[in-house]
Amino acid sequence: MTDQPPADAGKEAFALYEAGKYRESIDLCTRLLNGSDDTSLAVLVATDLFALGEYGDAEAHIRDLLRKMPGSSYLHSFLGRVLAARGDGRAIAAYARAVQLDPANEEALRAYAAYFTGKSDQMSAVPILSALARASGKKEDARALVRALIECGRGEEALDAYQELLDGSGADAEYIDALMVAGRHRDAAATSVEMFRKTGDPAFLRQYLAALSASDRPAALRIFPRYLEDTPDDDLLFDYVLLLKSEGMCREALEACERLLARSPHPIHQLVACELIAATGQTDLARECYEALIREEIAGMDDPETLEMAVAAYEQFLRTAYAPETVPACYLETVSQDPNVVSLTRTGLFYASFGEMDTARDWLYRAYRLDFLNGGIEYARFLVRRGETRECEKILIHILTNTQRVADLVKVAEAVIDGGDGTGTGTGTGGGGRRVLDALV
C-alpha cells in the first residue's frame, strides 16, 4: 500500500490555500505527493493553480485526475469552471457530463442552466433549473426557475413552482408576471396595485397598469395620466405612449412621447417618435427624424442591433410613404455612406428586395470582406437563396476556419440550419450544408 501523507500536513496545505498563499500551498502539496496517491492533495494543487489564474496548468492537473477517476462529477464540474474562466466553449460539455454523473451537482446544474438562459433558450433551461431548485433548496434558484417558466409562457406552471418552492408567501414581481402570463389579468392588477400601495415601488405600478391595459383598456387610458402626475417615471410614460399608439391615438401618443424625449432621448424612444410622426401624416418630418437617428447611431456605433432596427424601420417607412422602385438616393446618403457591417448588409438586402441581385451581391460581399463573421453569414444566406450552394459552403468554411468562440460557431450553425430565412430548410439541397455541419462538430 502507498503511504499517505500525515493528516496535519494536508491540513497545513489547505490552511495555506485559505490564507491566499497559493504558491506555498502548491510547494507543500508537491512535497507531500512525492510517492503518494492522495487525490485530495492533487485537487488542492489544481485549486491553487485556478486561484492563481494559471488555467492551463489547472486544466492539465484536472485532466490527469480524470484519467484516474473518470466518473467524478466534481472533477468534471471543476474542469468546466476552469474552461469557462478561459472562455473555452468546451466548458458546457464538462458541466453536462458532471450533471449526467450526478444529477444533484449544484454547481454543474447552475452553470449548465446559465448556458441555456444566456442563449435565451428557456425551454432547455427549465428542466435543469427545476432539478437545481429542488436539489439546492435555495430561493434564488427557485426564482430562476419561476422566471424561466414565465419567459416560456408557462404561467400556471410558474405559479405552481412559486407555491411549492417559495411557499407562496407574499407577492412579488415574479408572482405578478406569472399571473399575467397565465392570463389572470384581474388577479395581477389587484395584487400589483396592493403591492404598489404598500411599497411605493414604480415597478409594481407598471405591472398594475400593464395588467389593467390587458383587462380593461378604457380604464387604463383614464387612470394612466393620473398616476403619471404623481409618479414621473420614464418607463411608465413609455408604457403610456405604447398604449396610446396601440389604440390608434397617434397624436396623443406623440405628445406624450415628446414629453418623454425631453427627459430621456433614448434611441428606442426616438424610433417610436419617428413612427408616430409618420402616422400623423408628417411624412417629410418623419423622414428627417429617421435619418437623424440613423446618422446618430452610425456615429456612435454603440449598439449595432439598435442601428439595424432603426434602418429596418426606415426601409419600411420609405416603402409606405414613397413607394420607391429602387433604393432611393436619400437611403444611400443616410445608410450606405458609412462602411460598417450593418449599413453594408442592410443596403445589400434592400437592393435584393427590389430584385437588383448583382448590386445586392456587391454590397453583401463588401460586408463579408469587412466582417468575415457577421457580414459573411449574411452573404452566405444571400448565396443560398440564389442557389449558389458551393460558394455558400466556401464562405461558411472560411468563417469556421477563422473563428474560435463557441457563440460564433453557434451563429454559423444556425445559418446552416435555417438557410438564412428562419425556415429550417438548410443551406442547400445537396450535401454542402451537411459537410459544413460536420465541420462544426
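This text goes with the structure placed above it.
Residues numbered from 1 in each chain as written. Predicted model: local features only at pLDDT ≥ 70, side-chain atom pairs only at ≥ 80, totals over all residues. Heavy atoms only, no water.

Enquirer: Looking at this model, I keep getting lost on the overall build of the chain. Mind explaining?
Expert: Scanning the chain for helices and strands turns up 26 helices and zero strands. In the chain, which comprises 441 residues, the proportion classed as buried is 44%. Pairs at least 24 apart in sequence give 47% of the contacts found in the chain among residues at least 6 apart. Surface accessibility of the chain: about 22,200 Å² in total, with carbon and sulfur atoms responsible for 50%. (Helix = DSSP H or I, 4+ residues; strand = E, 2+ residues; numbered from the N terminus. Buried < 20%, exposed > 50% of the residue type's maximum accessible area, 1.4 Å probe, protein only. Contact = heavy atoms within 4.5 Å. Areas by Shrake-Rupley, 256 points an atom, 1.4 Å probe, with all protein chains shown as cover.)

Enquirer: So what exactly am I meant to see when it comes to the packing of helix α11 (residues 173–181) against helix α13 (residues 202–215) here?
Expert: Two packed helices can be described by the angle between their axes and the distance between those axes. Interhelical geometry of α11 versus α13 gives an angle of 10 degrees and a closest axis separation of 11 Å. Between α11 and α13, the angle falls in the class roughly parallel. Judged by residue contacts, Ala 173, Ile 176, Asp 177 and Met 180 of α11 engage Phe 204, Gln 207, Ala 210 and Ala 211 from α13. Broken down by class, the residue content of the contact of α11 with α13 amounts to six nonpolar, one polar and one charged. (Axes fitted to C-alpha atoms, helices over the stretch in contact; angles between N-to-C directions. Parallel < 35°, antiparallel > 145°, perpendicular 65-115°, else oblique. Nonpolar A, V, L, I, M, F, W, Y, C, P; charged D, E, K, R; others polar.)

Enquirer: Would you mind showing me how to read helix α12 (residues 185–199) here?
Expert: Because the α-helix completes a turn every 3.6 residues, residues three or four places apart line up on one side. Here α12 spans 21 Å end to end across 15 residues, near enough to the 21 Å set by a 1.5 Å rise per residue. Residues Ala 188, Ala 189, Thr 191, Ser 192, Val 193, Met 195 and Phe 196 constitute the buried set of α12. Buried residues along α12 sit in contact with α11, α13 and α14 (217–230). Positive phi shows up at Gly 200, right after α12, with a value of about 75 degrees. (Expected span 1.5 Å × (residues − 1).)

Enquirer: I tried to follow the pattern of salt bridges on my own but got confused; where do I start?
Expert: Once their charged atoms are close, side chains differing in charge can pair, the charge on each being opposite to the other. As enumerated under the stated definition, the model contains 29 salt bridges in all. Across the pair Glu 54 and Arg 23 runs a salt bridge whose closest N-O atoms are separated by 2.1 Å. You can see Glu 54 sitting in the loop between α3 (39–51) and α4 (55–68) and its partner Arg 23 sitting in helix α2 (residues 22–33), a full 31 residues away along the chain. The residue Arg 90 makes a salt bridge to Glu 59 at a minimum N-O spacing of 3.6 Å. You can see Arg 90 sitting in the loop between α5 (73–85) and α6 (91–101) and its partner Glu 59 sitting in helix α4, a full 31 residues away along the chain. The partly exposed category is assigned to Arg 90, whose relative accessible area is 43%. Of the residues examined, Glu 59 reaches a relative accessible area of 9% and is grouped as buried. (Salt bridge = Lys/Arg side-chain N within 4 Å of Asp/Glu carboxyl O.)

Enquirer: What is the right way to read the packing of helix α15 (residues 234–246) against helix α17 (residues 267–279) from this model?
Expert: At a minimum axis distance of 12 Å, the contact between α15 and α17 shows a crossing angle of 25 degrees. Judged by the inter-axis angle, α15 sits roughly parallel to α17. For the crossing formed where α15 meets α17, the hand is left-handed. Between α15 and α17, the residues in contact are Phe 238, Val 241, Leu 242 and Lys 245 and Ile 268, His 269, Val 272, Glu 275 and Leu 276, respectively. Residues that form the contact of α15 with α17 fall into these classes: six nonpolar, one polar and two charged. (Left-handed = near helix turned anticlockwise from the far one by under 90°.)

Enquirer: How should I be thinking about the side chain of Asp 38 in this particular structure?
Expert: Within the fold, Asp 38 resides in the loop between α2 and α3. A distance of 2.4 Å separates a polar atom in the side chain of Asp 38 from a polar atom in the side chain of Ser 40. (Polar contact = N/O pair within 3.5 Å; in protein donor to acceptor, adjacent residues only side chain to side chain.)

Enquirer: What should I look at first to understand the environment of Ile 277 in this one?
Expert: In this structure, Ile 277 sits in helix α17. Beyond its immediate sequence surroundings of up to four residues, Ile 277 is in contact with Leu 254, Gln 282, Leu 285, Ala 286 and Cys 289.

Enquirer: Teacher, can you tell me more about the packing of aromatic side chains here?
Expert: Each aromatic ring pair is specified by the distance between its two centres and by the angle formed by the two planes. Scanning the entire structure with this criterion turns up 20 aromatic pairs. Ring geometry for Phe 317 and Tyr 322: centres 5.9 Å apart, planes at 90 degrees, overall edge-to-face. Overall, the relative accessible area of 7% leaves Phe 317 in the buried class. Through a chain of ring-to-ring contacts, three or more aromatic side chains come together here, namely Tyr 290, Tyr 314, Phe 317, Tyr 322, Tyr 331, Phe 350 and Phe 354. Of note, Arg 81 hangs over the ring of Phe 50, and the distance from its end group to the ring centre comes to 5.6 Å. (Phe/Tyr/Trp six-rings, centres within 6.5 Å; stacked < 30°, edge-to-face > 60°. Lys NZ or Arg CZ within 6 Å of the ring centre and 35° of its normal.)

Enquirer: Explain the nonpolar core to me, please; I cannot follow it from the model alone.
Expert: Within soluble globular proteins, side chains that are nonpolar generally end up buried alongside one another. Counting residues in each nonpolar core, the largest one holds 131 residues, and the members touching the most others are Tyr 208 and Tyr 314. Per element, the largest residue contribution to this core is eight residues, and it comes from α3. Not counting residues up to four positions away in its chain, the partners in contact with Tyr 314 are Arg 287, Tyr 290, Glu 291, Ile 294, Cys 330, Tyr 331, Thr 334 and Val 335. (Core = buried A, V, L, I, M, F, W, Y, C linked by side-chain atoms within 4.5 Å.)

Enquirer: Please explain unusual backbone geometry as it appears in this structure.
Expert: Its identity is not glycine, yet Ala 323 carries a phi of approximately 45 degrees, on the positive side. The residue Ala 323 is located in the loop between α19 (304–322) and α20 (329–336) in this model.

Enquirer: For this particular structure, what's the right way to read the side chain of Ser 136?
Expert: Mapped onto the secondary structure, Ser 136 falls in helix α8 (residues 122–136). A polar contact of 3.1 Å, which involves the side chain of Ser 136, links it to the backbone nitrogen of Lys 138. Apart from residues no more than four positions distant in its own chain, Ser 136 is found in contact with Glu 106, Arg 110 and Asp 141.

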